[in-house]
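Take a look at the letters that make up each chain.
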Amino acid sequence: MEPQQSPPSPPSPRPPRPPRPPRPLGELARELSALPPSLGPVRLIAVDGHAGSGKSTFAGLLAEALGGAPVLHLDDVATHEELFEWPRRLRAQVLEPLAAGRPAHWAPYDWVERRFGPERVLEPVPLLLIEGVGAGRRALRPHLARLLWMETPRVQSWGRGRNRDGRELSDFWDGWERAELAHFADDPSRPFADTLVRQSGTGYEWTSGTDATAGRPSSLTEGDEFPRA
C-alpha cells in the first residue's frame, strides 16, 4: 500500500502593496497650461462637484501649482435668491468681456449682508479657474478648456459641509440639498467631465482623457458665440 502524500501547503499570502504616493499637482498644472485657450485668450478650467466635496481647497492648491492663477468662486456669484440662476449675470459680467480680451468687472455677493459688495476686476489672464457647484453646467461647458469633477460622494460631501458650517446653518443646508439635487437632475456635470479627481489621505489622484467620463463637444454650439470686440 502506497503511503499517502500530504496535501501541498497553501501559497503564502502576498504582502499588501504599499499605497501609491500622490501625484504632484505640478503634473496636472503642466497638462492644463498646455491646453489651447477656450475663452478669448483665456483657458477657463472648471472644478465642479457636490457641495462640501473639497472643490475650494483643491482649486486653491491647483492655483498655487499654476503659479498663482486666479480663482473665481461661484459662492461669490450665487445669491440667496439665485442659488443656480446666475448664468446670465456671469455671462454678461465675466465671460463676455474675457472672451473679447477685456477685463471683467463684477461684484461678489455678501452672504451675511445679503447684497453685492464692491466691484472687482478680473483680467484676461492665460488661465482662470472657476470652482463651485455647477461650474460644469451646460451654459458654461462650451467655454471651458477642461472640466474637472471632484469624486467625493454626495452624502459624504454634504456631511462635510454641514459639519463645517454648524447647526445654525442647518436650515440653509436643507434648502441647498433640495436645490442641488434638482440642478444636477436637470443639468448634470459629471458625465461631461474631462478629469475625475479623487482625494486620498496623502493628496490627490486624477484620471483624464479616455479613462474619464467625457462627452462635451469641443466647439461652441450654435448661439453660444460671444459678440466680437
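These remarks concern the structure in this document. Just so we're clear, the structure is a prediction, and the values are computed from it rather than from any experiment.

Moving on, we come to the environment of Met150. Counting through the fold element by element, Met150 comes out in strand β8 (residues 146–150). A relative accessible area of 0% places Met150 in the buried class. Put simply, Met150 and Gln199 are 49 residues apart on the chain and 8.1 Å apart in space, counted from C-alpha to C-alpha. Every residue in contact with Met150, bar those within four places of it in the chain, is listed here: Val47, Asp48, Gly49, Ser53, Gly54, Lys55, Phe58, Val197 and Tyr204.

Before going further, it helps to spend a moment on the pattern of salt bridges. Counted according to the given criterion, the structure contains 12 salt bridges. We note a salt bridge from Arg198 to Glu151, for which the minimum N-O separation is 3.8 Å. Here Glu151 lies in the loop between β8 and α4 (154–165) and Arg198 lies in strand β9 (residues 195–199), a separation of 47 residues in the sequence. The class of Glu151 is partly exposed, set by a relative accessible area of 21%.

With that settled, consider the environment of Thr152. With respect to the helices and strands, the residue Thr152 is situated in the loop between β8 and α4. Distance from Thr152 to Val197, taken between C-alpha atoms, is 8.5 Å for residues 45 residues apart in sequence. Apart from the residues lying within four places of it in its own chain, the contact partners of Thr152 are His50, Ser53, Ser157 and Arg160. One polar contact links the side chain of Thr152 to the main-chain carbonyl oxygen of Ser53, over a distance of 3.1 Å.

Let us look at the pairing of strand β7 (residues 127–131). Each regular strand carries side chains that alternate between the two faces of the sheet. The buried fraction of β7 is high, at 5 of 5 residues. The pairing of strand β1 (residues 43–48) with β7 spans 5 bridges and is parallel. Considered in β7, the bridge of Ile45 is made with Leu129. Where strand β2 (residues 71–73) and β7 come together, 3 bridges link them in parallel fashion. Among the inter-strand pairings, His73 is bridged to a residue of β7, identified as Glu131.

In terms of strand pairing, β8 meets β9 through 3 bridges, oriented parallel. From the neighbouring strand, Met150 faces β9, where its bridge partner is Val197. Examined bridge by bridge, β9 and strand β10 (residues 204–208) share 5 bridges and lie antiparallel to one another. Bridging from a neighbouring strand, Gln199 pairs with Tyr204 of β10. Between the antiparallel neighbours β9 and β10 lie 4 residues.

Where the residue is not glycine, phi is negative for most of them; where a peptide bond is considered, it is trans in most cases. Phi is positive for Arg114, which is not a glycine, with a value near 60 degrees. Classification of Arg114 by relative accessible area gives exposed; the value is 53%.

Thresholds applied
- Residues numbered from 1 in each chain as written.
- Predicted model: local features only at pLDDT ≥ 70, side-chain atom pairs only at ≥ 80, totals over all residues.
- Heavy atoms only, no water.
- Helix = DSSP H or I, 4+ residues; strand = E, 2+ residues; numbered from the N terminus.
- Buried < 20%, exposed > 50% of the residue type's maximum accessible area, 1.4 Å probe, protein only.
- Contact = heavy atoms within 4.5 Å.
- Salt bridge = Lys/Arg side-chain N within 4 Å of Asp/Glu carboxyl O.
- Polar contact = N/O pair within 3.5 Å; in protein donor to acceptor, adjacent residues only side chain to side chain.
- Pairing = 2+ DSSP bridges.

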